[in-house]
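Descriptive analysis of the structure
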Amino acid sequence: MNIAQTLYDFSQAESAKTWYSLNDGVMGGISQSSFSYEAGHCVFQGAVSTANSGGFASVRTYNFEPPADLSAYQGWQLRVRGDGQRYKFLVRSEPTWESLAYSYSFDTVAGIWILIPITFTALRPVSRAKTISSAPSLKTRSIYSLQLMLSKFEYDGALNPHFTAGSFQLDLATISVYGAMP
């Protein structure tokens, strides 16, 4: 797989400054998370609690200004080191938080750096973990934000099969796009 462009090189401390936490506190939950630079990579970590109908922690980028035009590429590639849980990578092609998100769930291997390739067509259109089958395809000409999430839910009411409440940690090395379109 040819990496065409690295969007985030998390070996640089500045890369952590464009992400912020967004947790289940918006719905009454008590989960907590942070995103910080540590020893050559960034770390998404915290604790997820299912108390008060909660069950997710996430970090999101501030909106890209202008939005990123990724229409010349075929997908994303994440280089991560996880804790064995299943996380979600979400993309938005509208500037508002409540807009439709395009989601991909991926499993991690505890303590091992792995590459996660995600074709644009593999992203699932969702609104709060509910699949929106009538949604249009992702508008790759206008990518506004990225998000990483650990949630007790997979999609459409199903539970995340690899979720464990409590402490979590996902280390990030890079987020890239790959494959120029033919």
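Residues numbered from 1 in each chain as written. Predicted model: local features only at pLDDT ≥ 70, side-chain atom pairs only at ≥ 80, totals over all residues. Heavy atoms only, no water.

Points about the overall build of the protein
- The number of helices and strands found in the protein is 0 helices and 13 strands.
- Counting from the amino terminus, the protein carries its helices and strands in the arrangement β-β-β-β-β-β-β-β-β-β-β-β-β.
- Overall, the C-alpha framework of the protein stretches about 50 × 40 × 30 Å when taken along its three principal axes.
- Of the contacts formed within the protein by residues at least 6 apart in sequence, a portion of 75% connects residues at least 24 apart.
- Here the protein has roughly 8500 Å² of accessible surface; of this, 53% comes from carbon and sulfur atoms.
- If you average the places of the 13 positive and of the 13 negative side-chain charges in the protein, the two averages end up 5 Å apart. (Helix = DSSP H or I, 4+ residues; strand = E, 2+ residues; numbered from the N terminus. Contact = heavy atoms within 4.5 Å. Areas by Shrake-Rupley, 256 points an atom, 1.4 Å probe, with all protein chains shown as cover. Lys, Arg positive; Asp, Glu negative; His and termini not counted. Charge placed at Lys NZ, Arg CZ, Asp CG, Glu CD.)

Quick word on the packing of aromatic side chains
- For the structure shown, the criterion picks out 12 aromatic pairs.
- Relative to Y62, the ring of Y20 has its centre 4.7 Å away and its plane inclined at 35 degrees; by these criteria the two rings are tilted. Taken as a pair, Y20 in strand β2 (residues 19-21) and Y62 in the loop between β5 (56-61) and β6 (75-81) lie far apart in primary sequence, 42 residues in all.
- For Y20, a relative accessible area of 23% puts it in the partly exposed group.
- Between F44 and F168, the aromatic rings sit 4.9 Å apart at their centres with planes inclined by 65 degrees, giving edge-to-face as the arrangement. Here F44, found in strand β4 (residues 41-48), pairs with F168, found in strand β13 (residues 166-178); they are 124 residues apart in sequence, far enough to count as distant. (Phe/Tyr/Trp six-rings, centres within 6.5 Å; stacked < 30°, edge-to-face > 60°. Buried < 20%, exposed > 50% of the residue type's maximum accessible area, 1.4 Å probe, protein only.)

Some remarks on the side chain of S33
- Tracing the chain through its elements places S33 in strand β3 (residues 32-38).
- Here the side chain of S33 touches N23 through a polar contact of 2.8 Å, side chain to side chain.
- At 3.2 Å, the side chain of S33 forms a polar contact with the backbone oxygen of S58.
- The residues contacting S33, other than those within four sequence positions of it, are S21, N23, F44, Q45, G46, A57, S58, V59 and F168. (Polar contact = N/O pair within 3.5 Å; in protein donor to acceptor, adjacent residues only side chain to side chain.)

Quick word on the layout of surface pockets
- Here the largest pocket defines a volume of roughly 600 Å³.
- Along the wall of the largest pocket there are 28 residues; nearest its centre are M27, F56, R128, A129 and M149.
- Mapped onto the lining of the largest pocket, the elements with two or more residues apiece are β7 (86-92), β8 (101-107), β10 (124-127) and β12 (145-151).
- Taken together, the residues of the lining of the largest pocket break down into 11 nonpolar, 9 polar and 8 charged. (1 Å grid on protein atoms, 1.4 Å probe; cavity = no way out; pocket = protein on both sides within 12 Å on 5 of 7 lines; lining within 4 Å. Points joined across faces, edges and corners; volume = space filled by probe spheres on them. Nonpolar A, V, L, I, M, F, W, Y, C, P; charged D, E, K, R; others polar.)

Comments concerning the nonpolar core
- Membership of the largest hydrophobic core comes to 37 residues, with the highest contact counts inside it found for W76, L78, F89, L146 and L148.
- Looking at this core, the elements with two or more residues in it are β4, β5, β6, β7, β8, β9 (113-119), β12 and β13.
- Take this core: its biggest share by element is 5 residues, from β13.
- With sequence-adjacent residues up to four places away left out, L148 is seen in contact with W19, F44, A57, S58, V59, L78, K88, F89, F106, L170 and L172. (Core = buried A, V, L, I, M, F, W, Y, C linked by side-chain atoms within 4.5 Å.)

Considering the pairing of β8
- Of all 7 residues making up β8, 5 are buried, and the element is well covered by its neighbours.
- Taken together, the 6 bridges between β7 and β8 define a ladder with antiparallel strand orientation. Bridge pairing in β8 places R86 opposite D107.
- In this sheet, β10 lies alongside β8 in antiparallel orientation, the contact comprising 3 bridges. Directly across from S103, in β10, lies its bridge partner R124. (Pairing = 2+ DSSP bridges.)

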